[in-house]
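Here's the letter readout for the chains.
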Amino acid sequence: MTNTRKVNTSFVYTISLCAFLVSMLLLFLWDDNYKKTSQAETKINSISINPQKPAQKEDKEKSKEELGVFATISQNLKHPIAVLLIQIIVVLIVARAFTILFRKIGQPSVIGEIVAGIVLGPSVLGLFFPDLGSNLFPRESLKYLQLLSQVGLIFFMFIIGMELDTSTLKQKAQSAAFISHMSIVFPFMCGSILAYYLFDYFAPKGIKFLSFGLFMGIAMSITAFPVLARIIQEKNLTKTPIGIIAITCAAVDDISAWTILAFIIAVAQAKSMVSSFVTIIITAVFVGIMVFIIQPFLTRLSKVYITQEIIGRGVMSMVVIILLTSSLITESLGIHALFGAFLAGVIMPTQTNLRKTITEKFEDFSSVVLLPLFFAFTGLRTQINLISNSSLILVTILIIFTATLGKFGASFLSARFIGMSYRESSIIGLLMNTRGLMELIVLNIGYDLGILSPEIFAMMVLMALFTTFITGPIVGFLLPKQKESEHTSMNTRLPRALIAFGPPKAGVSLFNLAYGIYGKKAIYTALHISPIPEKISIETNIQEDNFEQIKVLAEENGAKLNTIHQVTSNVTNELVSSIQKESYSIVLMGAAQQIFGDNAIGGKVETILSGVQTKVGIFIDRGLAEIKSVLIYYENQEESDALFEIGSAMQSSGVKDMTLVYEKENEPPKEKIREFFSKPIKIVPTSKHSKKVMLEYSLIIFGYKHWVDYSSGGGFIDKAELQKENNSSILILRMETQN
């Protein structure tokens, strides 16, 4: 019945397809015949009206017809949507290339994206390849790019608002508010004083000094919360007192600076002081409605509709509507849509997973696609070539000096005043002096309002780049050198095992293995190294989640456990560096189950092995929860000490079922076995040991050199059998090496 239905379906499908092709052929034939008739009539009419030069006209039409496809493609590529798509593709490629480049030299990706925008603008591309620049970014197309980048900024500011944890602000409110507000007041005053001297030379015509001075002041006062947060995470300062203070100061700075900016825009946009105060009062009422009415409503909504894993489309639609409405209201009030987006993010409920879910849905597209467009647009309007003489260069240096002196100086002195050390105060000052993206947003607002001239805009963009660029390297230099770990002084006689893991599940397996080897007679260090996140924002609680299960296991078993979390642009190199800093008895790390082939262990693992001299165990987990039985595969005396040492430790930890398997021609010396093992173990040649029984052990231990040879083709166990599910877990042991 099924086969008959398939045949009938195929027959009907074939007939239908043939009928379609025939109908299309008839249409083409009819159209061709119609064209011939029309052309004949046109030719007769043409002769009767103008009999001169018929051949030349016919040749032109023929040439036009031959070039029709290419002309159509060229014309289509000039359509606004095609131009915009080309611009997006170019911007994303260039931004990604510069992001990779700057991350390699330890700079946050936002620096690379800003530089990419400047390179695509008149300062580089327009200067050296003017025709390419004008064709790629025609002036009439910039309005579309600007609108799209503004949409990206609205979503970005919404995410930034959600990243502000008000509970953290309350914990360090007094210290953070003092440092943050001082780091706004003094730079603001410095910027306003500088504006007094620059106004006559650089202010656009028709702009009042009040507007110019206010914008110069607030531009000097901004701290880039996202960039600061990323630097803190990269330097592993997230859970340190200085990191908490810095992130809290930046959060307070963000709220305060954006509130002041809203006031400044209202004053700059208003026609009189009366209208500006009316705008401020209406804005205050709107903020009150958002905080005291909309926020409680969203909290109740999130508790009713949101589960741990899913957020309903109805709730998502409501959130987007609130975001866009808030942005629309603040835009209509004249204080910019970005302030409304930021406020909408701040009022999102913190007690549920709503913020996390929304961030995951919005942030990737906003950060990866829309934000680079904003950087590109900023670069397109940044004309660094305007700073063309020594006096303008000196003014740029003066702006950078004033901005740094005001922000760094105020933050440093405030931190010292509350009792922080010189080193800590310097780090706080440098971090607060980071401007980056937030500065560019303020500058673009001032430029759009006509308050900042192209020259001042270019100078301030360079200031934002410089202050952001110097932060990471100098903070890294000021950080104290990593002190000897606490566990070094606990008991130097105890073995020390390092567990290097990625996913938390792998960490649990490695801890079970390590504990099965040493039991309570060791000090364990769990190391988790994360790559620098692509996302602008950070979540500080993720670090603790990575160690939660291991901590529970260690506590249940009464084991001494230390945890280390690091963030780096190169995980492999950072792991090698971490191992080299300490003296570990063994380093345990995981490997993929499918690791056979030309590269027997895997590229990253081999790089680590070549960089350290410590004993290393590479673990292939097959669900090891408890080590009940162990099989040690002995090949030669070269690796026997490392194998027997681990086997002996396991025996001391309570593993009773232990077997040593060897090839008949490589029988292990009995005195060597008695030296390591205090209790008898089974010693069996491979010829007398069943392969099937061998695969039933909890753990099989190989020497590294033998494993490499085995993976190349030889070996007692068939590769296919060893890679089956539910087989024994495998530990590949590399003994210590000498330089």
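Along each chain, residue indices are assigned from 1 in the same order as the chain's sequence is written. The model is predicted, so local features are restricted to residues of pLDDT at least 70 and side-chain atom pairs to those at 80 or more, both for listing and for counting; the totals for chains, interfaces and linings are taken over all residues. Computation of side-chain values covers all heavy atoms of the structure but excludes hydrogens and water.

A. Looking closely at the overall build of the protein chain. Counting secondary structure elements, the protein chain contains 31 helices and 10 strands. Each residue gets one of three labels from its accessible area relative to the maximum for its type: buried under 20%, exposed over 50%, partly exposed in between, using a 1.4 Å probe on protein chains only. Counting across all 739 residues of the protein chain, residues that qualify as buried make up 50%. Note on areas: these come from Shrake-Rupley sampling with a 1.4 Å probe, and a residue is covered only by the protein chains present in the view. Put simply, the protein chain shows about 37500 Å² of open surface, and 61% of that area lies on carbon and sulfur atoms. Put simply, DSSP marks the helices as runs of H or I at least four residues long and the strands as runs of E at least two long, and each gets a number from the N terminus on.

B. Examining the confidence of the model for the protein chain more closely. Confidence along the protein chain averages 78 in pLDDT terms, with 80% of residues attaining 70 or more. pLDDT gives the predictor's per-residue confidence on a scale running from 0 to 100. For the protein chain, per-element mean pLDDT is lowest for helix 22 (residues 486-490), which scores 41, and highest for helix 18 (residues 390-417), which scores 93. Considering only residues more than four positions removed or in separate chains, one finds that residues 536-542, a stretch of pLDDT under 50, has 15 contacts. Working rule for contacts: check all heavy atoms of both residues, and any pair within 4.5 Å makes them a contact. Across residues 593-601, confidence stays below pLDDT 50; counting only partners more than four residues off in sequence or on other chains, it has 26 contacts.

C. Main features of the sheet that holds strand 5 (residues 616-620). Reading across from one edge, 3-2-1-4-5-10-9-6-7-8 is the order of the 10 strands in this open sheet, with mixed pairing throughout. Of all strands in the sheet, those bounded by a partner on one side alone are strand 3 (560-568) and strand 8 (682-685). Within this sheet the neighbouring strands show an average axis-to-axis angle of 20°, counted without direction. Two strands make a pair as long as DSSP finds a minimum of two bridges between them. Here strand 1 (residues 496-501) pairs with strand 4 (residues 586-590) via four bridges, running parallel. Residue pairing across strands places isoleucine 499 opposite leucine 588, the latter belonging to strand 4. Whenever a helix is involved, its axis is fitted only over the stretch in contact; in every case the axis is a line through C-alpha atoms, and angles between N-to-C directions fall within 0 to 180 degrees.

D. The arrangement of the pattern of salt bridges in detail. By convention in these notes, a salt bridge is any Lys or Arg side-chain nitrogen within 4 Å of a carboxyl oxygen on Asp or Glu. Under the defined criterion, the tally for this structure stands at five salt bridges. Between arginine 381 and aspartate 448 there is a salt bridge, with its nearest N and O atoms 2.8 Å apart. Of this pair, arginine 381 sits in helix 17 (residues 354-381) while aspartate 448 is found in helix 20 (residues 436-448), placing the two residues 67 residues apart along the sequence. With a relative accessible area of 11%, arginine 381 lands in the buried category. Residue aspartate 448 is classed as partly exposed on the basis of its relative accessible area, which comes to 38%. For glutamate 645, the salt bridge goes to lysine 615, with nearest N and O atoms at 2.8 Å. Taken together, the positions of glutamate 645 in helix 27 (residues 640-652) and lysine 615 in the loop between helix 26 (603-611) and strand 5 put the pair 30 residues apart, joining distant regions of the chain. For lysine 615, a relative accessible area of 3% corresponds to the buried category.

E. Focus on the nonpolar core. The biggest cluster of nonpolar side chains holds 117 residues, and the ones touching the most others in it are Phe158, Met216, Trp258, Ile399 and Ile441. Beyond its immediate sequence surroundings of up to four residues, isoleucine 399 is in contact with Leu194, Leu198, Met220, Ile456, Met459, Met460 and Met463. What we call a nonpolar core is a set of buried Ala, Val, Leu, Ile, Met, Phe, Trp, Tyr and Cys residues that are connected through their side-chain atoms within 4.5 Å.

F. Representation of the pairing of strand 6 (residues 629-634) in the model. Counted residue by residue, strand 6 has six buried out of six residues, so it is predominantly covered. Residue alternation in strand 6 divides its side chains into two sets, Ser629, Leu631 and Tyr633 and Val630, Ile632 and Tyr634, and both sets are buried. With six bridges joining them, strand 6 and strand 7 (residues 657-662) adopt parallel strand pairing. Considered in strand 7, the bridge of leucine 631 is made with threonine 659. When the strands point away from the viewer and the path from the first strand over the helix to the second turns clockwise, the crossover is right-handed. Taken together, strand 6, helix 27 and strand 7 form a β-α-β motif whose crossover is right-handed. Sheet analysis places strand 6 next to strand 9 (residues 699-703), joined by three bridges and oriented parallel. Looking across to strand 9, one finds that leucine 631 is bridged to isoleucine 700.

G. Local environment of the environment of isoleucine 499. Mapping isoleucine 499 onto the fold places it in strand 1. The exposure class assigned to isoleucine 499 is buried, which follows from its relative accessible area of 0%. Spatially, the C-alpha atom of isoleucine 499 lies 7.3 Å from that of tyrosine 524, the residues being 25 residues apart in sequence. Here isoleucine 499 is in contact with Gly507, Leu510, Phe511, Ala514, Thr525, Ala526, Leu527 and Leu588, once residues within four sequence places are set aside.

H. Up close: the environment of valine 291. Take valine 291: it is sitting in helix 14 (residues 273-305). Classification of valine 291 as partly exposed rests on a relative accessible area of 29%.

I. A look at helix 27. One fewer than the residue count of a helix, multiplied by 1.5 Å, yields its expected span. Taking 1.5 Å of rise per residue, the 13 residues of helix 27 would be expected to cover 18 Å, and the 18 Å separating its terminal C-alpha atoms lies within 8% of that figure. In terms of burial, helix 27 is a largely internal element, 10 of the 13 residues being buried. Those residues of helix 27 not exposed but buried are Ser640, Ala642, Leu643, Phe644, Ile646, Gly647, Ser648, Ala649, Met650 and Gln651. Note on helix 27: the residue one or two positions beyond its end, glycine 654, has a positive phi of about 115°.

J. Local environment of a nonpolar patch on the surface. Like-charged residues are merged into a patch within 9 Å and nonpolar side chains (Val, Leu, Ile, Met, Phe, Trp, Tyr) within 5 Å, provided each residue has over 30% relative accessible area and no salt bridge. Judged by side-chain polarity, Val185, Phe186, Met189, Ile193, Tyr196, Tyr197 and Phe209 come together as a nonpolar surface patch covering roughly 750 Å² of accessible area. With six residues, helix 10 (residues 173-202) is the single largest residue contributor to the nonpolar patch.

K. Structural context of the environment of leucine 443. Position of leucine 443 among the secondary structure elements: in helix 20. With a relative accessible area of 0%, leucine 443 lands in the buried category. Leucine 443 sits 14 residues away from phenylalanine 457 along the chain, and the two C-alpha atoms are 6.7 Å apart. Dropping the residues within four chain positions of it, leucine 443 is found in contact with Ala219, Leu452, Phe457, Met460 and Val461.

L. Quick look at the side chain of glutamine 107. Locating glutamine 107 in the fold gives a position in the loop between helix 4 (80-104) and helix 5 (109-120). As used in this structure description, the phrase polar contact means that two N or O atoms lie within 3.5 Å; if the pair is within protein, one of them must be able to donate a hydrogen and the other to accept it, and residues adjacent in sequence are counted only when both atoms belong to side chains. A polar atom in the side chain of glutamine 107 sits 2.8 Å from the backbone oxygen of phenylalanine 469. Those residues within four positions of glutamine 107 in sequence are excluded, and the remaining contacts are Phe102, Thr468, Phe469 and Pro473.

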